[in-house]
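# Results of the structural survey
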Number of protein chains: 2
Amino acid sequence: MSINRRLAATTARLLPGQKQSGGSGRVLEAALKLFAERGYAATSVRDVAAAAGVKPATIYAHYPSKEHILAELCRVGHEEQYRSVRTAVLASGGAPRDQIVAYVRAHVGFHTTYPMLAVVSNSELHVLGDELGAATFVLRRQSEELMQDIVKRGIDGGAFQVADPWLAVAAIGGMGLRVAYWFSPAYKLSAKQVADGYAEFALRLLAAGSDGKAGKGGSR
Amino acid sequence: MSINRRLAATTARLLPGQKQSGGSGRVLEAALKLFAERGYAATSVRDVAAAAGVKPATIYAHYPSKEHILAELCRVGHEEQYRSVRTAVLASGGAPRDQIVAYVRAHVGFHTTYPMLAVVSNSELHVLGDELGAATFVLRRQSEELMQDIVKRGIDGGAFQVADPWLAVAAIGGMGLRVAYWFSPAYKLSAKQVADGYAEFALRLLAAGSDGKAGKGGSR
DNA sequence: ACTTGCCTAACTAACGTTCGTTCGGTTAGC
DNA sequence: GCTAACCGAACGAACGTTAGTTAGGCAAGT
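Residues numbered from 1 in each chain as written. Chains lettered and ligands numbered in written order. Predicted model: local features only at pLDDT ≥ 70, side-chain atom pairs only at ≥ 80, totals over all residues. Heavy atoms only, no water.

With that out of the way, let us pick up the domain arrangement of chain A. Often, the extent of an interface is quoted as the loss of accessible area on bringing the components together. Residues and elements named next belong to chain A. Taken domain by domain, chain A consists of domain 1 (16–62) and domain 2 (66–206). Domain 1 and domain 2 are separated by 26 Å when their C-alpha centres are compared. The partner domain 2 presents 14 residues to the 16 residues of domain 1 that form the contact. The three residues of domain 1 that bury the most area against domain 2 are Leu-32, Phe-35 and Tyr-40, which together make up 45% of that side's buried surface. Joining domain 1 to domain 2, the criterion identifies zero salt bridges. At eight residues, the largest contribution of residues to the side of domain 1 that touches domain 2 is made by helix α1 (residues 23–38). (Domains from an automatic or database assignment. Contact = heavy atoms within 4.5 Å. Buried area = accessible area lost by both parts, 1.4 Å probe. Salt bridge = Lys/Arg side-chain N within 4 Å of Asp/Glu carboxyl O. Helix = DSSP H or I, 4+ residues; strand = E, 2+ residues; numbered from the N terminus.)

See below:
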């Protein structure tokens, strides 16, 4: 195996509901694995077909084009990600601190549970044209706005101290994104431990320490 | 323009020293822009040639293969990244807090100054085989170890409180990586402001707040 | 009971295009 | 007249996709 793999995970995991028995499910799962490992552009329709145990032409009985397969994967991935964080936040109390913890735990949990879906959804999304990507873009924006609203409420209520809410959201979101690339079940920490650790990181990042330094950023 | 771009930057910037006058420099710069925007696999040699104002065959007068162009970009990118953080850390004082601030400022600075180089170096590196990628992998590991050593020293000296140094390094590194994708000179915050903000985030992340909660992570 | 017709899902074969790359020749400056 | 840079043309392979075909299951008509 090459020193450098795109992600540590080795088994493609689709959402339970998506594991439809038929050929369409097997194609989707094969595409997920290959797109995650090699990238969309570096994967041929013939590769996907071979991995799904099917001939290339059969792919087109299930999806109108290669790009539609990617669009479906991106949509499913972002849908689950948004559903997951939204549910977690709603189930937590009303306090911004609790909500951020819930959000980050769910966010990281998604990236450890479905690393391939996360990698494809995030690093191949740019391939999709405006039309095929539209559904995914909406979900992406909703997820971001959800965290942003929590952070803003926390600032207004005095629980958080950050100069620029957007920058904090970018930082917290960015660190969570990368988890999908290195996490594997063989890692020394469990998925729960990583999620809890990152939730604590997010809390610390948002709330100034005892020295009260508030991270205003430098001058231009 | 499509809603979804892979990165916000629009002008390819190679290191000053790399802007060698000749055709080889123009090819490298054209490849950098296209690889960053569309990805390595989605960019053809003909695309690079056209962007460099040259015919496809001429590419092979400068580089033995398409993959060698990518290898050169990855090497240059990681070299500058490592050089940058290393210089900054050495110029800072001996205190882990100062060193982390210097590291993160330089790290983020690299991602705002050379966003295309950062994007290509980090998200196309997996394409390179063991041989062509070897030089880059070494630099990557050195950068990570540098931050890791600072964090460990900070923990030993009592300046930082984190349960798992590696996890903190992954989190700080991950949030910095993403900057290259969204930053542009048109952003409301300057590069310096973003770098300072992230440095403050890193400090907060590493040092527990006044409540003393230490972020040990959950149990398995 | 048995043919007929249709549907689904898979197949074989091939379309035209584009890919990375090579080779032999042509130009331009010293 | 030499060297370095560049180009036109082409190679075989692989690309996404399409057309037409085959096999099996199942319900309706006789």
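Next comes the rest of the description.
What follows concerns the side chain of B:Gln193. Summarising the element assignment, B:Gln193 is placed in helix α9 (residues 191–206). Within the structure, the side chain of B:Gln193 is placed 2.8 Å from the backbone nitrogen of B:Ser190, a separation counted as a polar contact. (Polar contact = N/O pair within 3.5 Å; in protein donor to acceptor, adjacent residues only side chain to side chain.)

Attention shifts here to the pattern of salt bridges. Scanning all chains against the criterion turns up 24 salt bridges over all chains. Ionic pairing is found between A:Lys192 and A:Asp196, a salt bridge with its closest N-O pair at 2.8 Å. Remark: A:Asp196 and A:Lys192 occur in helix α9 (residues 191–206); sequence separation between them is four residues, near one turn of the helix. For B:Glu80, the salt bridge goes to B:Arg83, with nearest N and O atoms at 3.0 Å. Of this pair, B:Glu80 and B:Arg83 both sit in helix α4 (residues 66–91), three residues apart, roughly one helical turn. Residue B:Glu80 is classed as buried on the basis of its relative accessible area of 13%. For B:Arg83, a relative accessible area of 46% gives the class partly exposed. (Buried < 20%, exposed > 50% of the residue type's maximum accessible area, 1.4 Å probe, protein only.)

Here we come to the packing of aromatic side chains. Tallying each qualifying case throughout the model produces 16 aromatic pairs over all chains. Seen in terms of ring centroids, A:Phe110 and A:Tyr114 are 5.9 Å apart; in terms of plane orientation they differ by 45°. Their pairing is tilted. Judged by relative accessible area, A:Phe110 falls into the buried class, the value being 5%. When its relative accessible area of 10% is taken as the criterion, A:Tyr114 is described as buried. Counting every residue linked through ring pairs, the aromatic cluster contains A:Trp166, B:Trp182, B:Phe183 and B:Tyr187. Above the face of the B:Tyr181 ring, B:Arg178 is positioned so that its terminal group lies 4.6 Å from the ring centre. (Phe/Tyr/Trp six-rings, centres within 6.5 Å; stacked < 30°, edge-to-face > 60°. Lys NZ or Arg CZ within 6 Å of the ring centre and 35° of its normal.)

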